[in-house]
Amino acid sequence: MITSRQLEAFRAVMEHGTVTAAADRLGVSQPAVSKILAGLEHDIGYPLFTRLKRRLAPTSEARLLAAEVARLYHSLDQVSAVAREIGERQIGDLHVYATPALGRSVLPDVLAAFVERHAKAHIVFHARSSAFINRKMVDQQIDLGFSMVPFEHPSVVVEEVSRAAAVCVLPEGHRLTRRKVVRPADLAGERFLSFQPDGRMRHLIDAAFEHERIERRLQFEIYSSAEACALVARGLGVSIVEPFTARDYVGAGVVMVPFEPRIRYLFRALRPRYRKPSLLADAFLDAVKVHLRGIAHELPGPAERPMG
């Protein structure tokens with residue numbers, strides 16, 4: 001059977017023309033190269049070189065074999081390049097699912113910078129509900145999930161990546177936009193945009209108003225902070241939302257003001273426990289953490305403790 005060492009010596013002789021040059025290229029002695037070539041000719045059953053004085057003249061069979069060897073080494077070079085790109089996190093598949101709070105604001109910013117450094121990566125990115133993400137994660141079907149809902153399962157690793165205080169979003173020109181902080185009593189009688197009744201944040205927000213016995217006009221029910229901000233920008237009411245989405249609407253019809261009592265949004269990264277994390281997933285999660293720390297100063301109110 002032909003060995004890789006035999007092919008390496010044969011290739012060196014064909015490229016450099018002499019055994020001496022091939023030996024220098026391989027870092028071995030001339031007799032060692034000659035012995036390797038003799039072994040190759042014995043294994044394949046026909047001569048590859050004609051010996052003319054101190055030079056080797058390749059036979060037509062040698063030239064045919066050299067073309068095939070060149071294709072082989074080209075393929076190996078391609079494999080080496082792919083292996084290097086994998087190690088440098090340039091290529092690979094990355095499946096990321098996130099709730100709208102991060103999926104429609106923070107993560108698109110992260111992805112914009114990420115693909116510049118990982119241009120060959122294939123990325124699947126969806127903004128879905130926490131329940132959907134949890135199911136996908138339990139089934140080990142995605143690399144990374146980002147959620148605000150507490151979740152524990154033996155097949156899922158959960159890591160807190162950020163926390164932020166809720167803000168009050170108001171239409172530009174609203175009477176409360178100059179306040180340093182908005183409290184439940186300030187929103188008495190206001191048309192209020194509420195999240196769905198079965199949502200955790202809906203319960204926390206309602207509790208803040210119920211504690212002070214403040215009545216609001218609950219005319220609209222929305223799914224996410226993005227819908228709330230879009231309606232607020234059109235003067236259809238006010239709302240309490242997470243600040244990451246709100247900051248995208250500031251200057252586009254929306255003003256955000258800190259809200260008290262403080263309501264915390266906790267953002268969690270979910271990873272499958274029984275799938276070894278890919279280098280690409282590691283790099284993306286690190287990029288998310290860096291981005292969240294970088295924009296923390298843009299959020300109103302007291303700074304929250306950075307994660308990671």
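Quantities reported herein were computed from a predicted structural model and do not represent experimental measurements. Residue numbers here run from 1 along each chain, matching the order of that chain's written sequence. Owing to the predicted nature of the model, reporting of local features is limited to residues with pLDDT of at least 70; listing and counting of side-chain atom pairs is limited to 80 or more, with chain, interface and lining totals taken over all residues. The side-chain numbers reported here are obtained from all heavy atoms of the structure, hydrogens and water having been left aside.

Student: It is not clear to me how the layout of surface pockets should be interpreted in this structure. Could you clarify?
Tutor: The rolling of a water-molecule-sized probe over the atoms marks out the regions of remaining empty space. Put plainly, a pocket is an open set of points on a 1 Å grid over the protein atoms alone with protein on both sides within 12 Å along at least five of seven lines, a cavity is a set where a 1.4 Å probe fits but cannot get out, and a lining residue has an atom within 4 Å of a point. Grid points are joined across faces, edges and corners, and a volume is the space filled by probe spheres set on the points. Size it by volume and the largest pocket reaches roughly 510 Å³. As for the largest pocket, its lining consists of 22 residues, of which Ser130, Met148, Val149, Gly199 and Tyr223 are closest to the centre.

Student: Sorry if this is basic, but what is going on with the confidence of the model for the protein chain here?
Tutor: Should pLDDT be low for a region, the predicted coordinates there are not to be read in detail. Values of pLDDT, the confidence the predictor places in each residue, fall between 0 and 100. Model confidence for the protein chain is summarised by a mean pLDDT of 86, while 92% of its residues fall at 70 or above. To qualify as a helix, a DSSP run of H or I must reach at least 4 residues; to qualify as a strand, a run of E must reach at least 2; elements of each kind are numbered from the N terminus. Within the protein chain, no element has a lower average pLDDT than helix α4 (residues 60–87), which sits at 71, and none a higher one than strand β7 (residues 167–171), at 97.

Student: So what exactly am I meant to see when it comes to the environment of Phe151 here?
Tutor: For Phe151, the position within the fold is in the loop between β5 (144–147) and β6 (156–165). For Phe151 and Val138, which are 13 residues apart along the polypeptide, the C-alpha to C-alpha distance reads 11 Å.

Student: In this structure, what is going on with unusual backbone geometry? I would like to understand it.
Tutor: Across the chain, the bulk of peptide bonds are trans and the bulk of non-glycine residues have phi less than zero. Geometrically, the link from Glu260 to Pro261 is a cis peptide bond, its omega value of 10° lying close to zero. Although it is not a glycine, Gln140 sits at a positive phi angle of roughly 60°. Relative to the elements of secondary structure, Gln140 occurs in the loop between α6 (130–138) and β5. The class for Gln140 is buried, based on a relative accessible area of 16%. Only protein chains enter the accessibility calculation, which uses a 1.4 Å probe; a residue whose area is less than 20% of its type maximum is buried, one above 50% is exposed, and one in between is partly exposed.

Student: Is there a simple way to think about the packing of helix α5 (residues 100–117) against helix α10 (residues 279–295) in this case?
Tutor: Helix-helix packing is characterised by the crossing angle of the two axes and by the distance between the axes. Orientation is described by axes fitted as lines to C-alpha atoms, over the contacting stretch for helices, and by angles from 0 to 180 degrees between their N-to-C directions. Contact geometry for α5 and α10: axes closest at 10 Å, N-to-C directions at 125°. With respect to α10, the axis of α5 lies oblique. The crossing of α5 and α10 is right-handed. Seen from α5, the contacting residues are Val106, Leu107, Asp109, Val110, Leu111, Phe114 and Arg117; seen from α10, they are Leu280, Ala283, Phe284, Ala287, Val288, His291, Leu292 and Ile295. When grouped by side-chain class, the residues that make up the contact of α5 with α10 number 12 nonpolar, one polar and two charged. Throughout, the term roughly parallel applies to angles under 35 degrees, roughly antiparallel to angles over 145, roughly perpendicular to angles from 65 to 115, and oblique to all others. Two helices that cross are described as forming a left-handed crossing if the nearer one is turned anticlockwise from the farther one by less than a right angle, and a right-handed crossing if clockwise. It only takes one pair of heavy atoms within 4.5 Å for two residues to be counted as in contact. Residues were grouped as follows: Ala, Val, Leu, Ile, Met, Phe, Trp, Tyr, Cys and Pro as nonpolar; Asp, Glu, Lys and Arg as charged; and all remaining residues, including Gly, as polar.

Student: Even after reading the chapter, I still don't get the packing of helix α1 (residues 4–16) against helix α2 (residues 19–26), so can you show me in this structure?
Tutor: Between α1 and α2, whose axes approach to 8 Å, the crossing angle comes to 125°. As judged from the angle between their axes, α1 and α2 are oblique. The handedness of the crossing between α1 and α2 is right-handed. Seen from α1, the contacting residues are Arg5, Glu8, Ala9, Ala12, Val13 and His16; seen from α2, they are Ala21, Ala22, Arg25 and Leu26. Residues that form the contact of α1 with α2 fall into these classes: six nonpolar, one polar and three charged.

Student: Explain the pairing of β5 to me, please; I cannot follow it from the model alone.
Tutor: Both faces of the sheet carry side chains from a regular strand, because those side chains alternate between them. Here β5 shows no split at all, with Leu144 and Phe146 on one side and Gly145 and Ser147 on the other all buried. Looking at chain direction, β5 and strand β12 (residues 264–272) are connected through three bridges and run antiparallel. Following the sheet pairing, Phe146 is matched in β12 by Ala269. Note on pairing: two strands pair once DSSP finds at least 2 bridges between them.

Student: Got a minute to help me understand the pattern of salt bridges in this structure?
Tutor: When the charged atoms of two side chains with opposite charge come close together, those side chains can pair. One side-chain nitrogen of Lys or Arg within 4 Å of one carboxyl oxygen of Asp or Glu is enough to make a salt bridge. Tallying each qualifying case throughout the model produces 14 salt bridges. Here Glu160 ties to Arg163 by a salt bridge, and the two come within 2.7 Å at their closest N and O atoms. Exposure remark for Glu160: the relative accessible area of 24% places this residue in the partly exposed category. Here the salt bridges do not stand alone but share partners, grouping Arg202, Asp206 and Arg216 into one network.

Student: Is there a simple way to think about α6 in this case?
Tutor: All of the buried residues along α6 are Ser130, Phe132, Ile133, Asn134 and Met137. Trailing α6 by a residue or two, Gln140 shows a phi angle of about 60°, which is positive.

Student: Looking at this structure, I do not really get the environment of Lys276. What am I missing?
Tutor: In this fold, Lys276 is placed in the loop between β12 and α10. Given the relative accessible area of 78%, Lys276 is considered exposed. Considered as a pair, Lys276 and Ala164 are 112 residues apart in the sequence and their alpha carbons are 30 Å apart.

Student: Looking at this model, I keep getting lost on the sheet that holds strand β11 (residues 254–258). Mind explaining?
Tutor: To summarise the sheet geometry, strands pair through backbone hydrogen bonds and adopt either a parallel or an antiparallel arrangement. Pairing is antiparallel across the open sheet formed by three strands, whose spatial order is β10-β7-β11. Strands at the two margins of the open sheet, each flanked by one partner only, are β10 (239–241) and β11. Each strand of the sheet is rotated relative to its neighbour by a mean of 35°, with strand direction disregarded. Direction of pairing for β7 relative to β11: antiparallel, over a ladder of five bridges.

Student: What is the right way to look at the packing of aromatic side chains in this model?
Tutor: A ring pair, where both rings are aromatic, is described by two values, the distance of the centres and the angle of the planes. For this analysis, a ring pair means two rings from Phe, Tyr or Trp (six-membered ring only for Trp) whose centres lie within 6.5 Å, classed as stacked if their planes differ by under 30 degrees, edge-to-face if by over 60, and tilted for the remaining angles. Tallied over the full model, the rule gives eight aromatic pairs. When the ring of Tyr97 is compared with that of Phe132, the centres are 5.9 Å apart and the planes differ by 25°; the resulting orientation is stacked. Taken together, the residues Tyr97 in strand β3 (residues 91–98) and Phe132 in helix α6 connect sequence positions 35 residues apart. On the basis of relative accessibility, which here comes to 8%, the residue Tyr97 falls in the buried class. The exposure class assigned to Phe132 is buried, which follows from its relative accessible area of 17%. Aromatic side chains Phe146 and Phe284 sit 6.5 Å apart centroid to centroid with 65° between the ring planes, which places their arrangement in the edge-to-face category. You can see Phe146 sitting in strand β5 and its partner Phe284 sitting in helix α10, a full 138 residues away along the chain. One aromatic cluster in this structure is built from Phe114, Phe146 and Phe284. Note on geometry: a ring has a charge over it if NZ (lysine) or CZ (arginine) is within 6 Å of the ring centre and within 35 degrees of the ring normal. Its guanidinium or amino end placed over the ring of Phe132, Arg128 lies 3.7 Å from that ring's centre, counting from NZ or CZ. Just above the ring of Phe209 sits the side chain of Arg216; from NZ or CZ to the centre is 4.1 Å.

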